[in-house]
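Here's the letter readout for the chains.
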Amino acid sequence: MAYELPPLPYDYNALEPFIDVETMHLHHDKHHQTYITNVNAALANHPNLAAKSVDDLISDLNAVPEDIRSVVRNNGGGHSNHSMFWTIMGKANSSGIGGQPSGDIARQISADFGDFEAFKKTFNETTAKQFGSGWGWLVFTGGKLKVITSANQDSPLSQGLYPILGNDVWEHAYYLKYQNKRPDYLAAWWNVVNWAEVNKRFAKAKG
Ligand code: MN3
């Protein structure tokens, strides 16, 4: 079964003014769709791999034949990462979106970083420094939260780590509104984080 573009769980303008409607159309309808088109093409003659969920697919890249492994890593990664990304955001200025974290993730952030402000500072500074295209991630490893980055569309899943949240710092994610000011985008992004969804992912990361 070929992968399909998941619809956004909110309107294209829901993340305004922090992420603009034009960026959302391009990012979701064009960039995400292209990753899906490319990974589907690569798997066309590999029904056993195409039958996996995309997260399972990129969790075991060694199971992917070498001649299509890079294409699957980049485009399967792109599909997985963006599918996660849309769901961990929500309508700006609505209940549970942005603001302070809640639930277990709030307690773990306090335990591991001191407080939310310190966590955001670590995440934003680490991710701002990712050279070129990539992602900033929050993962849970060795009983602690950790901020990591990856290049391109590499997913923590390929390293055996479950992404609790991730922010896309490819220029296509922010350039229309923020131009070269990646730190401004990173700072603004916290206004649209869906903490209920992040808590669900944290529960999964803890196993
Ligand atoms: Mn992107």
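Described below are features of the structure shown in this document.

The rules behind these values
- Chains are numbered independently. Their residues run from 1 in the order of the written sequence.
- Confidence filtering applies because this is a predicted model: local features only for residues at pLDDT of at least 70, side-chain atom pairs given and counted only at 80 or more, and all residues used for totals across whole chains, interfaces and linings.
- Side-chain measures here rest on the full set of heavy atoms in the structure, leaving out hydrogens and waters.
- Only runs of H or I of at least four residues qualify as helices and only runs of E of at least two qualify as strands under DSSP, and these elements are numbered from the N terminus.
- Here the term buried applies to any residue with accessible area under 20% of the maximum for its type, exposed to any over 50%, and partly exposed to those in between, with areas from a 1.4 Å probe on protein chains only.
- Contacts are residue-level and defined by heavy atoms, with any inter-residue pair within 4.5 Å sufficient.
- Salt bridges are defined by distance alone: a side-chain nitrogen of Lys or Arg within 4 Å of a carboxyl oxygen of Asp or Glu.
- Coordinating donors are taken as N, O and S atoms within 2.8 Å of the metal, stretched to 3.2 Å for Na, K and Ca; because water is absent from the atoms, sites can appear incomplete.
- Side-chain atoms within 4.5 Å are what join buried Ala, Val, Leu, Ile, Met, Phe, Trp, Tyr and Cys residues into a set we call a nonpolar core.
- Note that the arc is defined by the directions from the helix axis to the C-beta atoms.

### Examining the side chain of Thr127
Point 1. Positionally, Thr127 belongs in helix α6 (residues 116–128).
Point 2. With relative accessibility at 0%, the residue Thr127 sits in the buried group.
Point 3. If we skip the residues at most four places from it in the chain, Thr127 touches Trp135, Gly136, Thr149, Val169, Arg182 and Leu186.

### With respect to the pattern of salt bridges
Point 1. Counting across every chain of the model gives six salt bridges.
Point 2. Among the ionic pairs, Asp104 bridges to Lys206, the shortest N-O distance being 3.4 Å. With Asp104 in helix α5 (residues 103–113) and Lys206 in helix α9 (residues 195–206), this pair connects stretches of sequence that are 102 residues apart.
Point 3. The class of Asp104 is partly exposed, set by a relative accessible area of 35%.
Point 4. For Lys206, a relative accessible area of 39% puts it in the partly exposed group.
Point 5. Between Lys120 and Glu117 there is a salt bridge; the shortest N-O distance is 3.4 Å. Highlighted residues: Lys120 and Glu117, both in helix α6, separated by three residues, approximately one helical turn.
Point 6. On the accessibility criterion, Lys120 (19% relative accessible area) is buried.
Point 7. A network of salt bridges, in which partner residues are shared, links Asp104, Arg107 and Lys206.

### A few points about the coordination of the manganese ion
Point 1. His27 (NE2), His82 (NE2), Asp168 (OD) and His172 (NE2) make up the full set of protein donors to the manganese ion, lying at 1.9 to 2.1 Å.
Point 2. Coordination of the manganese ion draws on donor residues from a single chain, spaced H-x54-H-x85-D-x3-H in sequence. Remark: His82 occurs in helix α4 (residues 66–87) and His27 occurs in helix α1 (residues 21–42); sequence separation between them is 55 residues.
Point 3. You can call His82 buried: its relative accessible area is 0%.

### A short note on the nonpolar core
Point 1. Ranked by internal contacts, the top residues of the largest apolar core, which has 48 residues, are Tyr185 and Trp189.
Point 2. Those elements that provide at least two residues to this core are α4, α5, α6, β1 (134–141), β2 (144–151), α8 (182–189) and α9.
Point 3. Sorting elements by how many residues they give to this core places β1 first, with five residues.
Point 4. When sequence neighbours within four positions are dropped, the list of residues in contact with Tyr185 reads Ile19, Phe85, Asn167, Asp168, Val169, Ala173, Tyr174 and Tyr178.

### Some remarks on α5
Side chains three or four residues apart in an α-helix point the same way, a direct result of the helix having 3.6 residues per turn.
Point 1. All of the buried residues in α5 are Ile105, Ala106, Gln108, Ile109 and Phe113. Down the axis, α5 shows its buried residues gathered within 165° of arc, on one side only. Of the exposed residues in α5, the ones pointing more than 90 degrees away from its buried face are Arg107 and Ala111.

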